[in-house]
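Structure at a glance
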Amino acid sequence: MFTKTYLKTRPVCKVKFRLTKQQVGDVDEVHIAGEFNDWDTRADSMKKLKNGDFTYVLDLKKGNVYQFRYLLNKTEWINDEMADGYSPSGFPGVDNSVISLT
């Protein structure tokens with residue numbers, strides 16, 4: 001899931017991504033990859049909290065729509081259950097999560 005905070009002083013939206021331990025199980029690391037980081041699976045490592053949840057904050061440009069996914073332990077891709085929508089990824093039967101900042 002994620003929360004959006006639109007900044008009044010800059011044309012960006014602060015997006016806080018969060019995955020709960022219930023969603024991901026006992027994983028050691030989660031990366032978020034998407035159009036905002038050229039799908040770099042190593043660029044944005046989410047922080048693991050003491051309770052097992054993962055969180056990450058990004059400033060994204062207002063007015064844009066981005067596709068993204070989460071990568072668990074460098075092996076398993078999952079979508080955001082609370083995404084604004086889903087879009088075909090180009091791989092058969094696989095969708096990407098969508099966040100809309102419009």
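Read on for an overview of the structure. Treat the numbers as computed from the prediction; the structure is a model and nothing was measured. (Residues numbered from 1 in each chain as written. Predicted model: local features only at pLDDT ≥ 70, side-chain atom pairs only at ≥ 80, totals over all residues. Heavy atoms only, no water.)

**Comments concerning the overall build of the protein**
The secondary structure content of the protein amounts to 1 helix and 9 strands. In sequence order, the protein lays out its α and β elements as β-β-α-β-β-β-β-β-β-β. Its C-alpha radius of gyration of 13 Å places the protein within 12% of the 13 Å reference for a compact globule of 102 residues. Expressed along its principal axes, the backbone C-alpha trace of the protein runs to roughly 40 × 35 × 20 Å. For the protein, the residues scored as buried account for 41% of the 102 residues in total. (Helix = DSSP H or I, 4+ residues; strand = E, 2+ residues; numbered from the N terminus. Rg over C-alpha atoms; globule rule 2.2 N^0.38 Å. Buried < 20%, exposed > 50% of the residue type's maximum accessible area, 1.4 Å probe, protein only.)

**Brief notes about the pattern of salt bridges**
Taken as a whole and judged by the stated rule, the model has 6 salt bridges. A salt bridge links K4 to D84; the nearest nitrogen and oxygen atoms lie 2.7 Å apart. Here K4 is found in strand 1 (residues 2-6), whereas its partner D84 is found in the loop between strand 7 (76-78) and strand 8 (85-88), with 80 residues between them in sequence. Ionic pairing is found between D53 and R18, a salt bridge with its closest N-O pair at 3.1 Å. Pair noted here: D53 is in the loop between strand 4 (47-48) and strand 5 (54-61) and R18 is in strand 2 (residues 12-19), with a separation of 35 residues, a long-range link. Assessed through its relative accessible area of 7%, D53 is described here as buried. Overall, the relative accessible area of 23% leaves R18 in the partly exposed class. Linked through salt bridges whose partners overlap, the residues forming this network are R10, K14 and D59. (Salt bridge = Lys/Arg side-chain N within 4 Å of Asp/Glu carboxyl O.)

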